[in-house]
Amino acid sequence: MAGGREAGYLEGIASAAAFNQPNDLAFDASGNLLVADQKNHAIRSISPDGTVRTLAGGESGYGEGQGKAAKFDTPQGIAVDTAGNAYVADTWNQRIRKIRPDGLVSTLAGNGASGYQDGAGVAAKFNHPQGVAVDGAGNVYVADSWNQRIRKISPGGLVSTLAGTGESGFLDGREARFNGPVGLAVSKEGIVYVGDTWNHRVRKITPDGRVSTLAGNGSYGFKDGKAEAAWFKSADKLAIDARGDLYVSDPLNQRIRKVSIGSTP
């Protein structure tokens, strides 16, 4: 659709454009595909006709502002709400950024200090946030990877912990443990799905914070099958379709996997 063989930074149409390690994707309401172009420290937009432009960023650092005046440091996750606002996991800035449809960038949560702290807006702390997802009510979910937690940001900017004790490992329930959570997707019912990368599993979180395993049994390898009979190497980024079926990037297996939830029991 867009981009050539060589890493770089170019705007243009289709293969005339260049990216540098694009990491995550999200569609806006107008059908534009937004790209977290991590090594270009930019959020790019691909229009339906294949034209690539920079929505925001393009220089490493931290800065608010309009469009290219803003700065990011290795953005690795992106999600879009129903109003067209984009939310970015600005990974090495330890912040969650917000981009309005007109390209104005601000900080939704995080103060740049690596750590763990719940609280309002910039009082909160993250440690290597990677994945983001947003629900219909405007809540933003964050895979706070090195904190081994899934965080929730309310529309008012209040950060809380949805799941995870902060201890690396594997455990379901209300005292759940994760190991490098990266990808997130949220269903219409408010179920949050997690690509729990180094547990080689896809996890499920109910709105009240109870964690269970949806797919994978912790075995490192490749095997299709029902639920916990499946094997993953690196359950990573996630996407959910209109029927509720889940798609999983399994990069070390060089595959995109499908977990049938809405269409097939």
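Residues numbered from 1 in each chain as written. Predicted model: local features only at pLDDT ≥ 70, side-chain atom pairs only at ≥ 80, totals over all residues. Heavy atoms only, no water.

Participant: Describe the overall build of the protein chain, and please don't skip the residues or the numbers.
Facilitator: Helix and strand counts for the protein chain stand at zero helices and 22 strands. The C-alpha radius of gyration of the protein chain comes to 17 Å, within 12% of the 18 Å expected for a compact globule of 265 residues. Summarising its shape, the C-alpha atoms of the protein chain cover approximately 45 × 40 × 30 Å along the three principal directions. Here the protein chain holds 265 residues, and the buried ones make up 54% of them. (Helix = DSSP H or I, 4+ residues; strand = E, 2+ residues; numbered from the N terminus. Rg over C-alpha atoms; globule rule 2.2 N^0.38 Å. Buried < 20%, exposed > 50% of the residue type's maximum accessible area, 1.4 Å probe, protein only.)

Participant: Describe in detail the pairing of strand β9 (residues 95–99), supporting the description with residues and values.
Facilitator: Burial analysis of β9 places four of its five residues in the buried class, which makes it a mostly covered element. The pairing of strand β8 (residues 86–90) with β9 spans five bridges and is classified as antiparallel. Paired with alanine 86 across the strands is isoleucine 99, a residue of β9. Taken together, β8 and the strand that follows it, β9, pair antiparallel across an intervening segment of four residues, in which glutamine 94 is found at a positive phi of about 55°. Across four bridges, β9 lies against strand β10 (residues 104–109) in antiparallel orientation. Within β10, the position partnered with isoleucine 99 by the bridge is valine 105. (Pairing = 2+ DSSP bridges.)

Participant: Describe the side chain of arginine 151, listing the residues and the values that go with them.
Facilitator: Mapped onto the fold, arginine 151 is located in strand β14 (residues 149–153). Given a relative accessible area of 0%, arginine 151 falls into the buried group. Of the polar contacts made by the side chain of arginine 151, one reaches the backbone oxygen of lysine 125; its length is 3.0 Å. (Polar contact = N/O pair within 3.5 Å; in protein donor to acceptor, adjacent residues only side chain to side chain.)

Participant: I'd love a proper account of the layout of surface pockets, names of residues and values included.
Facilitator: Counted as a void, the second largest pocket has a volume near 160 Å³. Contributing to the lining of the second largest pocket are 14 residues, with Asp28, Asn32, Leu34, Gly84 and Pro101 lying nearest its centre. When grouped by side-chain class, the residues that make up the lining of the second largest pocket number seven nonpolar, four polar and three charged. (1 Å grid on protein atoms, 1.4 Å probe; cavity = no way out; pocket = protein on both sides within 12 Å on 5 of 7 lines; lining within 4 Å. Points joined across faces, edges and corners; volume = space filled by probe spheres on them. Nonpolar A, V, L, I, M, F, W, Y, C, P; charged D, E, K, R; others polar.)

Participant: With reference to specific residues and values, describe the sheet that holds strand β17 (residues 192–196).
Facilitator: With respect to topology, four strands assemble into an open sheet ordered β16-β17-β18-β19, the strand pairing being antiparallel. With partners counted over all chains shown, the strands left at the sheet margins are β16 (181–186) and β19 (211–215), one partner each. On average, adjacent strands in this sheet sit at an angle of 30° to one another, irrespective of strand direction. The sheet contact formed by strand β18 (residues 201–205) and β19 spans four bridges and is antiparallel. Bridge pairing in β19 links lysine 204 to serine 212. (Axes fitted to C-alpha atoms, helices over the stretch in contact; angles between N-to-C directions.)

Participant: Hey, could you go over the environment of glycine 12 for me, with residue numbers and the actual values?
Facilitator: The residue glycine 12 is located in strand β1 (residues 12–13) in this model. Judged by its relative accessible area of 19%, glycine 12 is buried. C-alpha separation for the pair glycine 12 and threonine 51, spaced 39 residues apart in sequence, amounts to 5.7 Å. Those residues in contact with glycine 12 that sit more than four places away from it in its chain are Ala17, Gly50, Thr51 and Val52. (Contact = heavy atoms within 4.5 Å.)

Participant: If you had to explain the sheet that holds strand β22 (residues 255–259) to someone new, which residues and values would you point to?
Facilitator: Taking strand neighbours across the sheet as the criterion, the three strands line up as β20-β21-β22 in an open arrangement whose pairing is antiparallel. The open sheet has two edge strands with one neighbour each: β20 (238–240) and β22. This sheet shows a mean twist of 25° between the axes of neighbouring strands, independent of strand direction. Note: strand β21 (residues 246–250) against β22, five bridges, orientation antiparallel. What sits directly across from valine 248, in β22, is arginine 257.

Participant: Describe the packing of aromatic side chains, with residues and values.
Facilitator: Ring pairs (aromatic) are described by centroid distance and by the angle formed between their planes. What the rule picks out here adds up to one aromatic pair. Aromatic pair tryptophan 92 and tryptophan 146: ring centres 5.6 Å apart, planes at 80°, arrangement edge-to-face. Within this pair, whereas tryptophan 92 is found in the loop between β8 and β9, its partner tryptophan 146 is found in the loop between β13 (140–144) and β14, the two being separated by 54 residues in sequence. Among the residues examined, tryptophan 146 registers a relative accessible area of 48% and is labelled partly exposed. The side chain of arginine 95 reaches across the aromatic face of tyrosine 62, ending 3.5 Å from its centre. Over the ring of phenylalanine 222 we find arginine 255; its NZ or CZ atom is 3.6 Å from the centre of that ring. (Phe/Tyr/Trp six-rings, centres within 6.5 Å; stacked < 30°, edge-to-face > 60°. Lys NZ or Arg CZ within 6 Å of the ring centre and 35° of its normal.)

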